[in-house]
Amino acid sequence: MLAATAISALSVPAIAQEQDDGLLDDNVIIVTAQRQAQSAQDVPIAVSAFSGEALEAQQIENSSDLQLTLPNITFTKTNFTSSSFTIRGIGDLCVGVSCDQATAIHLNDQPLFSTRLFETEFFDLERVEVLRGPQGTLFGRNATAGVVNVVTAKPRLGQFQASGDAEYGNYNAMKFKGMINIPIGDTLAFRGSGIYVKRDGYTTNLNGGPDLDDRELYSVRGALRFEPTPDTTIDLYASYFREDDNRMRIQKQYCQRDPTGILGCLNNRRDAQSFNANSTFTAALSSREFLAIRGIPTAFALGSLYGPDQYSGVSIPADSRTVNTAFTPQYFTSELTFQGKIEHDFGPISAQLSGTYQKVKLDSRQDYNNNIGRRDIYAPALNTLAAAAAGLVPGLPAAYFAPIAAAIIPDGPNGVLCTSESDTIGLGSFGGNSNCATTPLQYDRSNQDNSSWSAEAIISSDFDGPFNFLVGGIYADYHLTENSYYVNAFAIDYVAGLLGSFTALGGGLPPSFLGTPYFRNNTDDLTVKSYGLFGEVYFDISDRLKLTGGLRYNNDKKNVQARSTLASFLVPYSQTTNAFESPFVGSFDADPGTPGNQIFQNRQVKYNEITGRVVLDYKITDDNLIYASYSRGYKSGGINPPLQPIFAVPESFDPEQVDAFEVGSKNTFGNGALQLNLTAFYYKYKNLQLSKIVARTAVNENIDADIYGAEVEAIVRPDPDWMINLGFSYLHTKVTGDTFNSDPRDFGGGRSDAVIIKDITNASNCAVASQSGSAAGVNQFVNTINTVINAGLVPGVSGGANLQPTTAFPADGGIASTGAFGICSVLEAAAAGAFAGAGITPAAFGGIDYFAAGVPKNIRGNDLPQAPKIKFSTGVQYTMNFDSGMSLVPRVDVAYTGESFGSIFNGNVNRIKGYAQANAQIQLNGAEDRWYVRGFIQNIFDSNSETGLYVTDQSSGLYTNIFTLEPRRYGIGAGFKF
């Protein structure tokens, strides 16, 4: 079936419907892709649309399901409680609060910001439209990839209607949907609807307790329609969505374990192995090697960078839906939306004024490593801490160590271990805010609060002559008041307390810890003010030939206040208020580029751009249309967050720009027996925004790319009872021009004459390489500098670190370089000749280059992420009509998504395998469609299909987070409507 039907669904009508001798009307779906009601077949735009009935028929329950039936569309969750709806290879590759969406999300033609619309499931919809290609001269929010427009069902005047649906399936899944439409006189009507979903978890926790990744959510919606005159329509809309459960943001973590600990994970495969925890921030700063260079007794070390790590010998279940965690995920989100629209026809001129207000909250926590680390290797250090807290270590006053022990080992070294809560005041466990367990915990938290509003006005004409127009303007205001990403771990608390106490003791200061005792990248305030002026003109050159031209002016202003903290400044243990009220906060600087010490980094950017499109379409017949178009898309740039430690990365990233060329044909044959649409396109991208992790933070940069492809969509209706929908797409993407970038998995850039360094002071990586190409020379250089460090010959660095010589990575690890633990700042100084007086010169080793962000390599010709070359799907539906007026409708859908990559660096370790998904459903409809019962199965093959991946940073171990589709689901349902 897959080989014979290489094609995805454009649209399908209801699963049960009245049939007649003509098929044409059954295949028509009305869209507003051009801000007027038109058949999708008459619109010279690549648009796919699903009626509400079609969504039910194909079991498209949410945005993720759309990708299974649409050409050149993919959808995946992403790392920070977000998602990426990718169209023709362009999705949300930019990560951060100041990033615009590549795919604009609209509700009833109006744009949404930071929406959780993708969290809920579809219900009571009129249709869903997906426009492929740059948009902006018609819709209020500009977009480079396309638009997803969700259109809710509107109140109907003069009709009382109601419907209900109940469903039960495996995982104790329950779903209830309902709608009621109430006429209020002849000119007013109300429509209310809602959905409730609850199910058990999909993921087994080997540590016991209930299965993880459950869901419990509800959404309610109300709408009023008022038509005071035949020419005036007023629509008011309100909705609320809420989810509160233990859903997991990240399904699984995979790693090809690095035995050296310099990287954590290797660069060739994604195995079911634990990463080497000696590569992490906490292992580095609690190691014997680091404590030695700080002159701190090594008896306090949690371990050695050359010894067993926290996950040594700890296995990882191979099954992507089995984890071992002592921390139960928590997921909460809510979204409140209000909309209003007034439309009035002044004869041939129509005017429309609309507005949206939206408020979104999000808070999600999850085990950071999805595994339970060893406690035994911590035992010697915890015994030493307990002794120091009791005053039993000569020369160490108990007052400096008792607060640590009281906060993190309150029951002694053999009792529970307490880890900071991700509080907002920066005290964590040292302020009494902690989680305690018998095993060392580590978890992250992603939260956000934002609100937005927009207002849009449009005037359009409907003249009898050859000329018509549409002009409009929009203003949008987005305000984010909290966005943080936290990482909490017992070892961070230990490091923050230990280093804080020794720093305070050495400086004669009151007993203090280092705040914050967890990593927090915090955007405290973000404002985005944007407006656009847009319009189109339409000129009928002849009865069949039409020219469309459009222009748009974009203006965007963004202001961000942000900071990043991790054990950054002393906070007295006696502090009870916010950590940033510490008397020692003056040593913290969130913005080194600005004179003085800044508590926050403040940045502003402004952008403006003119974009547009031109389309020429020709109707060969009333049922056959061809068109050619050129459009320029734009997406504004943004601001990179502050880093800790500081790296030389751009403070901002540039706007995207795409020149898109497209030709297409839309055809209906045999009075609707065959509907066939063909599209080909070529995109020239400039400054495509792309994200990578640097110093535990997502940093965005720009590259250029070329994209081209083709799409085929078809609906076949050999007779009124049969319907077959087919789809196929091909996509080619590549990075253009010589683009040099550093791969976080391989800081040596694939060079054998490079050495990758793990910095023991912050767990970041750097690299040094030979100018002469001599691997022996660069290895000897690193070993010589480490010998200098070990001897205590570096100012401010004590001896005794016992750093080891460079070592090779495993032969199958995909790393050509060697590696070593060291101190990057010392190597940087040595490469610049700082030790020439001691007879150590880079020239003596054949010349040495230093790379703070890794040795760059050319990624020219690489594929873009989330861009499968091939997609195809088919759906077959047959309606058996009975004399009683009842009908039985079986349907089967099969889709295949080809191989792609999860990273711009490509390679086997970043490969996402192609996958097939199949759904089936059978539905019995009562007479006049008053009731129905159905049975369904989704993901028949029970495949753990991966849709995306994310590589964490070097100080976390370079493991890979993956995101998957749901497992096999099946159940029964029943409903009514009248």
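Our subject is the structure that appears above.
Notes on the structure follow. No experiment lies behind these values; they were computed from the predicted model shown. (Residues numbered from 1 in each chain as written. Predicted model: local features only at pLDDT ≥ 70, side-chain atom pairs only at ≥ 80, totals over all residues. Heavy atoms only, no water.)

**Things to note about the side chain of Asn762**
Part 1 of the argument: Relative to the elements of secondary structure, Asn762 occurs in the loop between β37 (754-759) and β38 (765-770).
Part 2 of the argument: Of the polar contacts made by the side chain of Asn762, one reaches the side chain of Ser764; its length is 2.6 Å. (Helix = DSSP H or I, 4+ residues; strand = E, 2+ residues; numbered from the N terminus. Polar contact = N/O pair within 3.5 Å; in protein donor to acceptor, adjacent residues only side chain to side chain.)

**As for the state of the cysteines**
Part 1 of the argument: By the definition in use, this model includes 3 disulfides.
Part 2 of the argument: Each sulfur of the disulfide joining Cys255 and Cys265 lies 2.0 Å from the other. One quick way to see it: the torsion about the S-S bond of Cys255 and Cys265 is about -120°, and its sign makes the bridge left-handed. You can see Cys255 sitting in the loop between β16 (252-254) and α4 (281-285) and its partner Cys265 sitting in the loop between β16 and α4, a full 10 residues away along the chain.
Part 3 of the argument: Among the residues examined, Cys265 registers a relative accessible area of 2% and is labelled buried.
Part 4 of the argument: A disulfide bridge connects Cys418 with Cys436, and the sulfur atoms are separated by 2.0 Å. Negative torsions about the S-S bond denote left-handed disulfides, and the value of about 105° found for Cys418 with Cys436 makes this one right-handed. Here Cys418 is found in strand β20 (residues 417-420), whereas its partner Cys436 is found in strand β21 (residues 434-437), with 18 residues between them in sequence. (Disulfide = S-S within 2.5 Å. Buried < 20%, exposed > 50% of the residue type's maximum accessible area, 1.4 Å probe, protein only.)

**What about the packing of aromatic side chains?**
The geometry of an aromatic ring pair comes down to the distance between the two centres and the angle between the two planes.
Part 1 of the argument: Per the counting criterion, the structure on display carries 33 aromatic pairs.
Part 2 of the argument: Relative to Tyr478, the ring of Phe113 lies with its centre 5.9 Å away and its plane at 25°, an arrangement referred to as stacked. A residue pair is termed long-range when its members are at least 10 positions apart, and Phe113 in the loop between β7 (110-111) and β8 (125-132) and Tyr478 in strand β23 (residues 467-489) qualify at 365 residues. Take Phe113 and Tyr478: they sit in the same class, and that class is buried.
Part 3 of the argument: When the ring of Phe467 is compared with that of Phe469, the centres are 6.4 Å apart and the planes differ by 35°; the resulting orientation is tilted.
Part 4 of the argument: Among the residues examined, Phe467 registers a relative accessible area of 40% and is labelled partly exposed.
Part 5 of the argument: Three or more aromatic residues link up through ring pairs in this structure, and these residues are Phe275, Tyr311, Tyr368 and Tyr959.
Part 6 of the argument: The ring of Tyr202 carries the charged tip of Arg199 above its face, separated from the ring centre by 3.6 Å.
Part 7 of the argument: One cation-aromatic arrangement involves Arg247 over Tyr331; the distance from NZ or CZ to the ring centre is 4.1 Å. (Phe/Tyr/Trp six-rings, centres within 6.5 Å; stacked < 30°, edge-to-face > 60°. Lys NZ or Arg CZ within 6 Å of the ring centre and 35° of its normal.)

**Some remarks on the sheet that holds β16**
Part 1 of the argument: If you walk across this open sheet you meet the 3 strands as β16-β51-β50, and the pairing is antiparallel. The strands lining the two open edges of the sheet, one partner per strand, are β16 and β50 (946-951). Sheet twist, expressed as the mean angle between neighbouring strand axes with direction ignored, is 30°.
Part 2 of the argument: Bridging between β16 and strand β51 (residues 960-964) involves 3 bridges; their strand directions are antiparallel. Following the sheet pairing, Gln253 is matched in β51 by Asn961. (Pairing = 2+ DSSP bridges. Axes fitted to C-alpha atoms, helices over the stretch in contact; angles between N-to-C directions.)

**Quick word on the pattern of salt bridges**
Proximity of charged atoms lets side chains of opposite charge pair with each other.
Part 1 of the argument: According to the stated counting rule, one finds 48 salt bridges in the structure shown.
Part 2 of the argument: Residue Lys198 pairs with Glu216 through a salt bridge whose shortest N-O separation is 3.4 Å. Of this pair, Lys198 sits in strand β12 (residues 188-199) while Glu216 is found in strand β14 (residues 215-229), placing the two residues 18 residues apart along the sequence.
Part 3 of the argument: A relative accessible area of 32% means that Lys198 is categorised as partly exposed.
Part 4 of the argument: On the accessibility criterion, Glu216 (29% relative accessible area) is partly exposed. (Salt bridge = Lys/Arg side-chain N within 4 Å of Asp/Glu carboxyl O.)

**Side note on the pairing of strand β11 (residues 173-184)**
Part 1 of the argument: One ladder, built from 9 bridges, connects strand β10 (residues 161-169) with β11; its direction is antiparallel. Along β11, the bridge assignment pairs Ala166 with Phe176.
Part 2 of the argument: Alignment of β11 against β12, held across 11 bridges, turns out to be antiparallel. Bridged to Met174 within β12 is Lys198.
Part 3 of the argument: What sits between the antiparallel neighbours β11 and β12 is a turn of 3 residues, in which Gly185 has the positive phi angle 75°.

**A word on unusual backbone geometry**
Part 1 of the argument: The omega torsion of the bond from Gly515 to Thr516 falls at -5°, within 30 degrees of zero and hence cis.
Part 2 of the argument: With respect to the helices and strands, the residue Thr516 is situated in the loop between β24 (512-515) and β25 (519-540).
Part 3 of the argument: Phi angles above zero are rare outside glycine, and Asn172 is one such case at about 50°.
Part 4 of the argument: Relative to the helices and strands, Asn172 is located in the loop between β10 and β11.
Part 5 of the argument: Positive phi is not limited to glycine here, since Glu928 has a value of about 60°.
Part 6 of the argument: With a relative accessible area of 67%, Glu928 lands in the exposed category.

**Quick look at the nonpolar core**
The nonpolar side chains of soluble globular proteins are, as a tendency, buried together.
Part 1 of the argument: Counting 107 residues, the largest nonpolar core has Phe300, Phe401, Tyr494, Phe781 and Ile789 as the members making the most contacts within it.
Part 2 of the argument: Counting residues per element, this core draws most heavily on helix α8 (residues 490-506), which supplies 10 residues.
Part 3 of the argument: Once you skip the residues sitting within four places of it in the chain, Phe781 turns out to touch Leu827, Ala830, Ala831, Phe845 and Ile848. (Core = buried A, V, L, I, M, F, W, Y, C linked by side-chain atoms within 4.5 Å. Contact = heavy atoms within 4.5 Å.)

**Some details on α8**
Part 1 of the argument: Under the 1.5 Å per step criterion, the end-to-end length of α8 is 24 Å for 17 residues, consistent within 8% with the ideal 24 Å.
Part 2 of the argument: The element α8 is largely enclosed, with a buried count of 14 among its 17 residues.
Part 3 of the argument: Gly508 lies just past α8 and shows a positive phi near 65°. (Expected span 1.5 Å × (residues − 1).)

**Notes on helix α9 (residues 775-790)**
Part 1 of the argument: For α9, with 16 residues, the first-to-last C-alpha span of 23 Å sits near the 22 Å given by 1.5 Å per residue.
Part 2 of the argument: Taken residue by residue, α9 has Gly777, Val778, Asn779, Phe781, Val782, Asn783, Thr784, Ile785, Asn786, Val788, Ile789 and Asn790 as its buried positions.
Part 3 of the argument: For α9, the secondary structure elements touched by its buried residues are α5 (288-293), β37, β38, β40 (818-822), α10 (824-831) and β41 (848-851).
Part 4 of the argument: Immediately beyond the C-terminal end of α9, within one or two residues, lies Gly792, with a positive phi of roughly 75°.

**Describing empty space enclosed by the protein**
Part 1 of the argument: Estimated volume of the second largest cavity: approximately 430 Å³.
Part 2 of the argument: As for the second largest cavity, its lining consists of 38 residues, of which Tyr368, Asn369, Val487, Ser955 and Ser956 are closest to the centre.
Part 3 of the argument: Of all the secondary-structure elements, those providing two or more residues to the lining of the second largest cavity are α4, β19 (349-367), β22 (442-461), β23 and α8.
Part 4 of the argument: A class-by-class count of the residues in the lining of the second largest cavity yields 21 nonpolar, 12 polar and 5 charged. (1 Å grid on protein atoms, 1.4 Å probe; cavity = no way out; pocket = protein on both sides within 12 Å on 5 of 7 lines; lining within 4 Å. Points joined across faces, edges and corners; volume = space filled by probe spheres on them. Nonpolar A, V, L, I, M, F, W, Y, C, P; charged D, E, K, R; others polar.)

**Some thoughts on the sheet that holds β38**
Part 1 of the argument: Here we have 5 strands laid out as an open sheet, ordered β39-β40-β37-β38-β41, and mixed in their pairing. Of all the strands in the sheet, just β39 (807-808) and β41 have a single pairing partner and so form its edges.
Part 2 of the argument: Relative to β40, β39 runs antiparallel, the two sharing 2 bridges. Residue pairing in the sheet places Thr807 in a bridge with Gly819 of β40.
Part 3 of the argument: Docked against the sheet, α10 engages β37, β38, β40 and β41, running at close to 145° with respect to β41.

**Quick look at the side chain of Asp235**
Part 1 of the argument: Along the polypeptide, Asp235 turns up in strand β15 (residues 232-245).
Part 2 of the argument: Residue Asp235 is classed as buried on the basis of its relative accessible area, which comes to 10%.
Part 3 of the argument: There is a polar contact of 2.8 Å between the side chain of Asp235 and the side chain of Arg225.
Part 4 of the argument: Non-local contacts of Asp235, meaning those with residues more than four positions away in its chain, are made with Leu224, Arg225, Gln339, Gly340 and Lys341.

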